[in-house]
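Secondary and tertiary structure notes
Residue strings, one per chain:
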Amino acid sequence: VQLQASGGGLVQAGGSLRLSCVASGRTFSNYNMGWFRQAPGKERDFVAGISRTAGTTYYADAVKGRFTISKDNAKSTVYLQLNSLKPEDTAEYYCAADRSLRSRVVETRDEYDYWGQGTQVTVSS
């Protein structure tokens, strides 16, 4: 599986962006999907996750209420809508796929099997 992330950019504080991650292959509907982010000099942290059927979502406390993850299995795409952006949201954002068929979304990056390249989000104050 290959994941291709896009949609990053430079935005002012309070603005919005929508990130997309398109997956190759025919088993996208079997994957729980996640978004992570990594700021310079920091660890790659969990941001949001969504279950295979898109029935369950989970968010890091720092983004809850501002970011929304969604999944379109027909398009093999997972989205992350970023609203009310803050300078501290500045980071490289990565999408990832969990092929384990587990029923719950996990936030541990080691549990994800496939990773896309990052897309940079920069929020100016």
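The present account deals with the structure reproduced in this document. Predicted model, so just to flag it, every value in this text is computed and none were measured.

Analysis parameters
- Residues numbered from 1 in each chain as written.
- Predicted model: local features only at pLDDT ≥ 70, side-chain atom pairs only at ≥ 80, totals over all residues.
- Heavy atoms only, no water.
- Phe/Tyr/Trp six-rings, centres within 6.5 Å; stacked < 30°, edge-to-face > 60°.
- Helix = DSSP H or I, 4+ residues; strand = E, 2+ residues; numbered from the N terminus.
- Buried < 20%, exposed > 50% of the residue type's maximum accessible area, 1.4 Å probe, protein only.
- Lys NZ or Arg CZ within 6 Å of the ring centre and 35° of its normal.
- Core = buried A, V, L, I, M, F, W, Y, C linked by side-chain atoms within 4.5 Å.
- Contact = heavy atoms within 4.5 Å.
- Disulfide = S-S within 2.5 Å.
- Polar contact = N/O pair within 3.5 Å; in protein donor to acceptor, adjacent residues only side chain to side chain.

Under the counting rule described, the total for this entry stands at 6 aromatic pairs. Here Phe36 and Trp115 contribute two aromatic rings whose centre-to-centre distance is 4.9 Å and whose plane-to-plane angle is 55 degrees, an arrangement assigned as tilted. One end of the pair, Phe36, is in strand S4 (residues 32-38); the other, Trp115, is in strand S10 (residues 114-115), with 79 residues separating them in the sequence. Trp115 sits in the partly exposed class, given a relative accessible area of 28%. Members of the aromatic cluster, joined through ring pairs, are Phe36, Phe46, Tyr58, Tyr112 and Trp115. Here the basic side chain of Arg44 rests over the ring of Tyr94, its NZ or CZ set 3.6 Å away from the ring centre. A cation sits over an aromatic face here: Lys71 above Phe28, 4.4 Å from the ring centre.

The biggest cluster of nonpolar side chains holds 37 residues, and the ones touching the most others in it are Trp35, Leu80 and Tyr93. Contributions of two or more residues to this core are made by strand S1 (3-6), strand S3 (17-23), S4, strand S5 (44-50), strand S7 (67-72), strand S8 (77-82), strand S9 (91-98) and strand S11 (119-124). In contact with Leu80, not counting residues within four places along its chain, are Leu17, Arg18, Leu19, Trp35, Val47, Ala48, Phe67, Thr68, Ile69 and Tyr93.

It is worth spelling out the state of the cysteines at this point. Scanning all chains against the criterion turns up 1 disulfide. With its sulfur 2.1 Å from that of its partner, Cys21 forms a disulfide with Cys95. The disulfide joining Cys21 to Cys95 has a torsion of about 60 degrees about its S-S bond and is therefore right-handed. Residue Cys21 is located in strand S3, and its partner Cys95 is located in strand S9; the two are separated by 74 residues in the primary sequence.

For the rest of this paragraph, the subject is the environment of Thr90. Among the structural elements, Thr90 can be located in the loop between S8 and S9. Overall, the relative accessible area of 23% leaves Thr90 in the partly exposed class. From its side chain, Thr90 meets the backbone oxygen of Pro87 in a polar contact 2.9 Å long. A polar atom in the side chain of Thr90 sits 2.9 Å from the backbone nitrogen of Val123.

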